2 protein chains.
Amino acid sequence: MNPKAFRAAGDPGHPTQPPEDTTRRRSRFRQVVDLTHALAEDCPTFFGERQLRLEPIASLAEDGFNDAVWHIGEHTGTHLDAPYHFSADGAGPAEIPPCQLVVPLAVIDVRAGAAADPDYQLTPGDIAEWEKAFGPLPDMCCVAMNSGWSPRFGSESFRNPGDDGLLHFPGFHVDAAHMLMSDRNVVGIAVDTLSLDPGCSPDFAVHRAWLPSGRWGIEAIALLDAVPPKGATMVVGVPKVVGASGAPARVFALV
Amino acid sequence: MNPKAFRAAGDPGHPTQPPEDTTRRRSRFRQVVDLTHALAEDCPTFFGERQLRLEPIASLAEDGFNDAVWHIGEHTGTHLDAPYHFSADGAGPAEIPPCQLVVPLAVIDVRAGAAADPDYQLTPGDIAEWEKAFGPLPDMCCVAMNSGWSPRFGSESFRNPGDDGLLHFPGFHVDAAHMLMSDRNVVGIAVDTLSLDPGCSPDFAVHRAWLPSGRWGIEAIALLDAVPPKGATMVVGVPKVVGASGAPARVFALV
């Protein structure tokens, strides 16, 4: 457990006023990449049921403007898992400090492994290989798994249910989560699939280890192919809903 | 009308794949400022009625995790007004190009005027004064009105209803909107009040002029005091909900 990350994210007494939040580094960019899937009513969900319905409440023709109410599961589309999702008193989207929502992005490519085995789990060895190629993981970063799953988003192969009644898509191995929690200062992990754990996980081991530590996750992130393994800044534009355990988010990479 | 801004935001045929979007400038920052109000069920709304309800659907004790469904008006809290809000075929949050959601931020201080008159309207003269002090408005920027209204968010004085049955808070003058549309390349405007128009507006003139032009607005932005008049980059983290006319957003300033 890295106390720097934990104290900032998980301490409900963390001062949120003033909201200024120094990142302690100088970042620059010249390109914006949208890592977010379009969120339509029929988008794929973990449990296979629709989690979004737009209810029109005003129309341009009759009222002079368009307006709607959303009925939406807070874990739908490209979305944030907040610590509170798997803990009694962890931070929600409104309590995570802003400096932990604008962070360096490290992308680990496991496309070959996932192509060979849809149950592929990102291992400590994959992290070690990334660090061998690109150096130590940056301070306060997000580590994202690129399994090549993003283009499946429009089809049932995103969930990929098997004849065995289980889902089959890649995720983090719990040993990788523990490695990132114990030896590095990582504030978030992201997956391009429907769950931080692999689809066939019997116990949500990664969720149960990672989120209660005060760190966040992002599920169903899109288009990691378009960003470099190292050097991008990720912005997690998550609505600041009080009491939520997660939220559909707009995720950008500044490259 | 500046065709650069219009074509990119309003053209439904705008290619969204690949999602890479060059901003044509080099930006840098070292601080993150959260310009977003916490969004609770009792937050103030234009019509004075609650627009958010969280419905718990799972709990840690019974299910092993917390989860909820939101029933939420798409124009609640710090939120985006998309062109489609006031037009038949304008862009929604999912169609606005990413490079128009990460833009230079210009903050115009009208606190003195608003303190003297809650019906204050930001005028072309205020814009001219800003440009005299800071130079031409940056290309593809957002122009934000700082009326000093942000600290009122927790109380009824944010809506500020009068004995005349009208709301009394500041907004843009329609002449200012036309000035920004005709002579400059501005993609968005933002207000720290409940409406782009002043509260007592009889006709939503700014909404009707600005949004159908393919440009966006942000309402109830927070804490503009914490960012400089010029030099910050604004990130509009708006959920990518298809068919929406707006959306609760996470808005950051990178300073």
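Look a little higher up for the structure.
These numbers come from a predicted model, not from an experiment. (Residues numbered from 1 in each chain as written. Chains lettered and ligands numbered in written order. Predicted model: local features only at pLDDT ≥ 70, side-chain atom pairs only at ≥ 80, totals over all residues. Heavy atoms only, no water.)

## Observations regarding helix α5 (residues 174-182) of chain A
Reasoning step 1: Listing the buried residues of α5 of chain A in full gives Ala-176, Ala-177, Met-179, Leu-180 and Met-181 of chain A.
Reasoning step 2: Buried residues belonging to α5 of chain A abut β6 (121-122), α4 (124-134), β7 (141-146), β8 (171-172), β9 (186-191) and α6 (205-210) of chain A. (Buried < 20%, exposed > 50% of the residue type's maximum accessible area, 1.4 Å probe, protein only. Helix = DSSP H or I, 4+ residues; strand = E, 2+ residues; numbered from the N terminus. Contact = heavy atoms within 4.5 Å.)

## Focus: the sheet that holds strand β2 (residues 52-58) of chain A
Reasoning step 1: If you trace the 4 strands from one edge of the open sheet to the other, you get β2(A)-β3(A)-β3(B)-β2(B), paired in antiparallel fashion. Each edge of the open sheet is held by one strand with a lone partner, namely β2 of chain A together with β2 (52-58) of chain B. Across the sheet, the axes of successive neighbouring strands diverge by a mean angle of 15 degrees, strand direction being ignored. (Pairing = 2+ DSSP bridges. Axes fitted to C-alpha atoms, helices over the stretch in contact; angles between N-to-C directions.)

## Some points on the environment of Leu-80 of chain A
Residue and element names in this part refer to chain A.
Reasoning step 1: Inspection of the secondary structure assignment puts Leu-80 in strand β4 (residues 79-81).
Reasoning step 2: The class for Leu-80 is buried, based on a relative accessible area of 0%.
Reasoning step 3: C-alpha of Leu-80 to C-alpha of Glu-219: the two residues are 139 residues apart in sequence and 6.6 Å apart in space.
Reasoning step 4: Apart from the residues lying within four places of it in its own chain, the contact partners of Leu-80 are His-75, Pro-93, Ile-96, Trp-216, Gly-217, Ile-218, Val-236, Val-238, Ser-245, Gly-246 and Ala-247.

## A short note on the pattern of salt bridges
Reasoning step 1: One pass over the structure, following the stated rule, counts 14 salt bridges over all chains.
Reasoning step 2: Close ionic contact of Asp-34 of chain B with Lys-240 of chain A constitutes a salt bridge, the shortest N to O distance being 2.9 Å. Note that Asp-34 of chain B is positioned in strand β1 (residues 20-34) and Lys-240 of chain A in the loop between β11 (232-237) and β12 (246-248), a pairing that runs across two chains. The same class applies to Asp-34 of chain B as to Lys-240 of chain A, namely buried.
Reasoning step 3: One salt bridge in this structure joins Asp-225 of chain B and Arg-111 of chain B, with 3.3 Å as the shortest N-O distance. Separated by 114 residues along the polypeptide, Asp-225 of chain B in the loop between β10 (216-219) and β11 (232-237) and Arg-111 of chain B in helix α3 (residues 111-116) bring together distant segments of the chain.
Reasoning step 4: Through salt bridges with shared partners, a single ionic network connects Asp-34 and Arg-250 of chain A together with Lys-240 of chain B. (Salt bridge = Lys/Arg side-chain N within 4 Å of Asp/Glu carboxyl O.)

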